[in-house]
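Each chain, written out:
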Amino acid sequence: MAEEKWTFVTAYFRNHGIAYFEMIIKALAEKPMGHKDLLEGSKGCFDQIGLVRKKEPKFCKNIDQYIYLVPMGCKDNNKFHTAEYHPWHKKDSDRLHQSLKEEYREKRAEVIERFDKLLDIAEKIEGQTPKLPPLDYIDLALQNSWRPDQMHDLWQIVHELPLSQQIKWFERYSHFKDHIASGPWDEIKDSKKEIMIVEIGSPGMSDDDISSWGPSLNDWIDTLSMEKKLGVGLYGTGTHNELAWRYLKKRKIKLKQTVFFDVKTKAFKEEARRFRSFQIHSALEDLIQQEKPPAPGTDWYSKERQQAQKKLQLYKEWGDLFSIVVIGNRGTGKSRMIREVFINNDKNRNDQHSEIVEINCAAVPESLAESIFFGHKKGAFTGADNDEQGAFGRLKKYYDKTQDYGVLFLDEFHHLPQTIQSKLLVALQADSDGMYTYTPLGHTESSKVKFQMILGTNQREEKLKGGGSPLFRDFLDRVLQRKVYLPDLEQSEIISAWSAVWKRMNFSPEVDDPLVGDLGEEFKQWLKTLTFPGNFRDLERLTILTADSIRENNREAIDHEILGNLKKTVSKDGAWTELSMEPQNKTYSNIPNMIELEPEWYSHLKSTEKKIRFYLANKLIDHFGGKQAAVDAVRKTSNQFSISTLNRWLAKA
């Protein structure tokens, strides 16, 4: 059975010009490429001079249409034609002559003479009136005895002309002139032509202004089904624009049916010809990551952190739902980055996921694990007083409502009880439609759901696969389909990270960020001397401590005394000395009986203090049924205890 047809989409070729587009159409007809072929890399090497000799307009049998996007703001732009520079200096004439000789062989003398005459006339006209609108070389050639059958020869220089002249040449004299529709999409959308030159945006706009030219293609995008097969050109559009990609990404396209490619000419060292051979390559992660800008507010991320974020963005955009394991030490921001990527707060976008179900696997009791994941029916077990939909049920409800997938995030998944690992392994066997099947406790009928599963861990892959790992190897092999490594907070990120965390904490009553006050430089230099083994978690603890210190002293900004006390409290290795707001004679004699003492606890007393506070904070919350209830109870004996104190205790290093 013949492969389903696909649509070729690219923006205008800024440097190579529209004649290059003609070459690519010919190349695709010479060696037909199916949609899957684009994923398999290069499909041969194509010689431009050889292609231009093929005058019969043939199309690839697998492609139903070719879309060439032209920003109208660039249509009459002529970056080559200025008073200081003409497109064909004498130094370039030798290369032009060489390519004309290569193409025309025995007729080369007549063709070279014709070109030289045209360019001499053009240079004289432009030299006399350099500030006039760009000279129309198409009309000039016809006025100087070029016959219509000779006008295709201008492909040799058409890339030097304004876009309006390139389109004019393509419509009238290219080998595909009878197969072209050109204009705004609304005017040509009903055309049955194979080639569509689509004018987008409005005159005077910037080709970087997506808001200007994007809406003019909405009608076309809306005609695409979720299964529409697209081939989207990237590199050929100019590496800093990528117009085709940037527009299509803005709309809700299911990228699993979109293949990205680029067209690369051979390097100068390999081939010194004016028109070099080219190849059509698959353009996957590297190209998309190069173009993808960092998420708002994350431009200060280190290169490694940005790469991790871009990788997650890429997997989200592909939408093929292979499971993702995010590996990073404690406090590196795994959960926050996943939310940054998979929950988009831009209300103008349609591709946001509003349902992320997060489970901390370290806190999942083995006896309730199946209910937490799959839900249960009332009466399914002792204590099951109500129906519960569970994580899978919540994601099913979201999928049934939106026909879009949510995200199941399993944090610290290396703590998953082995009984639930076995059941998850069965449930996560996707059917032909990519649906997972599960059965809530107490139900006899199974349900189906589709979602993106992401798993977080602070264990290295080697340890996860090691002999002492609690994870079944089959389960690990099933979920370890894609890996993203999140690096520790780097020293170069500390200052920017502090500003971002301080803003995010949204302290109330409000206090000034110490970095922007009178002591900003001193505070900045002090931050640079610190290490943060707990990464963002330690940074958050320090912002809380700093804000509390300022407010406890009835200040709105940090002063020398508060900064001095902070320096005494926080040592350079990240370990914190005593800064308790509880009375110093307050003791907890039963703590040693509540915790399992380990050698590292009593050999590192500062670390032990933090662990005890973390443990005590959780016990208080569990006992009194919530943070505020715990704070209210403790304040009966210590009015200095606050929600900030409790949060600081919970920020375990």
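Here the structure is a predicted model, which means the values were calculated and not measured. (Residues numbered from 1 in each chain as written. Predicted model: local features only at pLDDT ≥ 70, side-chain atom pairs only at ≥ 80, totals over all residues. Heavy atoms only, no water.)

A.B. asks: Please set out the overall build of the protein chain residue by residue, giving values where relevant.
C.D. replies: Counting its regular elements, the protein chain contains 27 helices and 15 strands. The 653 residues of the protein chain split such that 50% are buried. Contacts in the protein chain between residues far apart in sequence, at least 24 positions, make up 71% of those at least 6 positions apart. Carbon and sulfur atoms provide 48% of the accessible area of the protein chain, an area that totals close to 32,100 Å². (Helix = DSSP H or I, 4+ residues; strand = E, 2+ residues; numbered from the N terminus. Buried < 20%, exposed > 50% of the residue type's maximum accessible area, 1.4 Å probe, protein only. Contact = heavy atoms within 4.5 Å. Areas by Shrake-Rupley, 256 points an atom, 1.4 Å probe, with all protein chains shown as cover.)

A.B. asks: Any chance you could break down the layout of surface pockets for me, citing the residues and the numbers?
C.D. replies: Empty space within the second largest pocket amounts to approximately 560 Å³. If you trace the second largest pocket, you find 22 residues lining it, with Lys 55, Glu 103, Tyr 104, Asp 149 and Asp 153 closest to the centre. Counting residues per element, the ones that place at least two in the lining of the second largest pocket are α3 (90-104), α4 (108-128) and α6 (163-173). For the lining of the second largest pocket, the element with the highest residue contribution is α4, accounting for three residues. When grouped by side-chain class, the residues that make up the lining of the second largest pocket number five nonpolar, four polar and 13 charged. (1 Å grid on protein atoms, 1.4 Å probe; cavity = no way out; pocket = protein on both sides within 12 Å on 5 of 7 lines; lining within 4 Å. Points joined across faces, edges and corners; volume = space filled by probe spheres on them. Nonpolar A, V, L, I, M, F, W, Y, C, P; charged D, E, K, R; others polar.)

A.B. asks: Could you give an account of the packing of helix α19 (residues 494-505) against helix α21 (residues 536-552), with specific residues and numbers?
C.D. replies: How two helices pack is summed up by the angle between their axes together with the distance between the axes. Their axes nearest at 10 Å, the elements α19 and α21 cross at an angle of 60°. With respect to their mutual orientation, α19 and α21 come out oblique. Judged by the twist between their axes, the crossing of α19 over α21 is right-handed. Side by side, α19 and α21 meet where Ala 497, Trp 498, Val 501, Trp 502, Arg 504 and Met 505 of the first sit next to Phe 536, Leu 539, Glu 540, Leu 542, Thr 543, Ile 544, Thr 546 and Ala 547 of the second. (Axes fitted to C-alpha atoms, helices over the stretch in contact; angles between N-to-C directions. Parallel < 35°, antiparallel > 145°, perpendicular 65-115°, else oblique. Left-handed = near helix turned anticlockwise from the far one by under 90°.)

A.B. asks: Kindly report on the sheet that holds strand β10 (residues 356-360), identifying the contributing residues and their values.
C.D. replies: What the five strands build is an open sheet, ordered β10-β11-β14-β9-β15; its pairing is parallel. The open sheet has two edge strands, β10 and β15 (482-485), and neither has a second partner. Averaged over neighbouring strand pairs, the angle between their axes works out to 20° when direction is ignored. Strands β9 (324-327) and β15 of the sheet are contacted by helix α12 (residues 303-318), whose axis makes an angle of about 150° with β15. (Pairing = 2+ DSSP bridges.)

A.B. asks: Could you give me a rundown of helix α15 (residues 390-402), with the residues and numbers involved?
C.D. replies: Between its first and last C-alpha, α15 extends 19 Å over 13 residues, near the 18 Å set by a 1.5 Å rise per residue. For α15, every residue scored as buried is listed here: Gly 390, Ala 391, Phe 392, Gly 393, Leu 395, Tyr 398 and Tyr 399. Downstream of α15 by one or two residues, Gln 403 has phi in the positive range, about 55°. (Expected span 1.5 Å × (residues − 1).)

A.B. asks: Hey, could you go over α12 for me, with residue numbers and the actual values?
C.D. replies: Here α12 contains 16 residues, and its C-alpha end-to-end distance of 22 Å stays within 8% of the 22 Å for a straight helix at 1.5 Å per residue. Here α12 lies mainly inside the structure; twelve of its 16 residues are buried. Residues of α12 that are buried: Arg 305, Gln 306, Ala 308, Gln 309, Lys 310, Leu 312, Gln 313, Leu 314, Tyr 315, Lys 316, Glu 317 and Trp 318. Just past α12, the residue Gly 319 takes up positive phi, approximately 65°.

A.B. asks: Describe in detail the confidence of the model for the protein chain, supporting the description with residues and values.
C.D. replies: Low pLDDT marks stretches whose predicted atomic positions should not be read closely. Predicted confidence across the protein chain gives a mean pLDDT of 77, with 74% of residues reaching 70 or more. Counting contacts from residues 78-91, a segment whose pLDDT is below 50, to residues more than four positions away or on other chains yields 29 contacts. Ignoring residues within four places in sequence, the model shows residues 573-603, a span with pLDDT below 50, making 55 contacts including any to other chains. (pLDDT = per-residue confidence, 0-100.)

A.B. asks: How would you explain the nonpolar core if you had to name every residue and give the values?
C.D. replies: Ranked by internal contacts, the top residues of the largest apolar core, which has 58 residues, are Phe 21, Leu 154, Trp 169 and Ile 197. Setting aside residues up to four positions removed in sequence, Trp 169 forms contacts with Ile 18, Ala 19, Glu 22, Ile 138, Met 151, His 152, Leu 154, Trp 155, Val 158 and Ser 174. Counting 32 residues, the second largest nonpolar core, distinct from the first, contains Val 325, Leu 416, Leu 464 and Phe 475. (Core = buried A, V, L, I, M, F, W, Y, C linked by side-chain atoms within 4.5 Å.)

A.B. asks: Now, about unusual backbone geometry: what can you tell me, with residues and values included?
C.D. replies: Pro 509 follows Ser 508 through a cis peptide bond whose omega is 0°. Topologically, Pro 509 is positioned in the loop between α19 and α20 (520-529). Notably, Glu 412 is not glycine yet its phi reads approximately 50°, a positive angle. For Glu 412, the location among the structural elements is in the loop between β11 (406-411) and α16 (418-427).

A.B. asks: Report on the pairing of β9, specifying residues and quantitative values.
C.D. replies: Residues Ile 324 and Val 326 line one face of β9 and the alternating positions Val 325 and Ile 327 line the opposite face, and both faces are buried. In the sheet, β9 pairs with strand β14 (residues 451-457) via four bridges, with the strands oriented parallel. In the sheet register, Val 325 faces β14, and the bridge partner there is Leu 455.

A.B. asks: Describe the packing of aromatic side chains, with residues and values.
C.D. replies: Counting across every chain of the model gives 20 aromatic pairs. Ring geometry for Trp 169 and Phe 170: centres 6.4 Å apart, planes at 40°, overall tilted. The exposure class assigned to Trp 169 is buried, which follows from its relative accessible area of 0%. Accessibility expressed as a relative area gives 0% for Phe 170, which makes it buried. Ring centres of Phe 523 and Trp 526 lie 5.5 Å apart, and the angle between their planes is 65°; this geometry places the pair in the edge-to-face category. Of the two residues, Phe 523 and Trp 526 both sit in helix α20, three residues apart, roughly one turn of that helix. (Phe/Tyr/Trp six-rings, centres within 6.5 Å; stacked < 30°, edge-to-face > 60°.)

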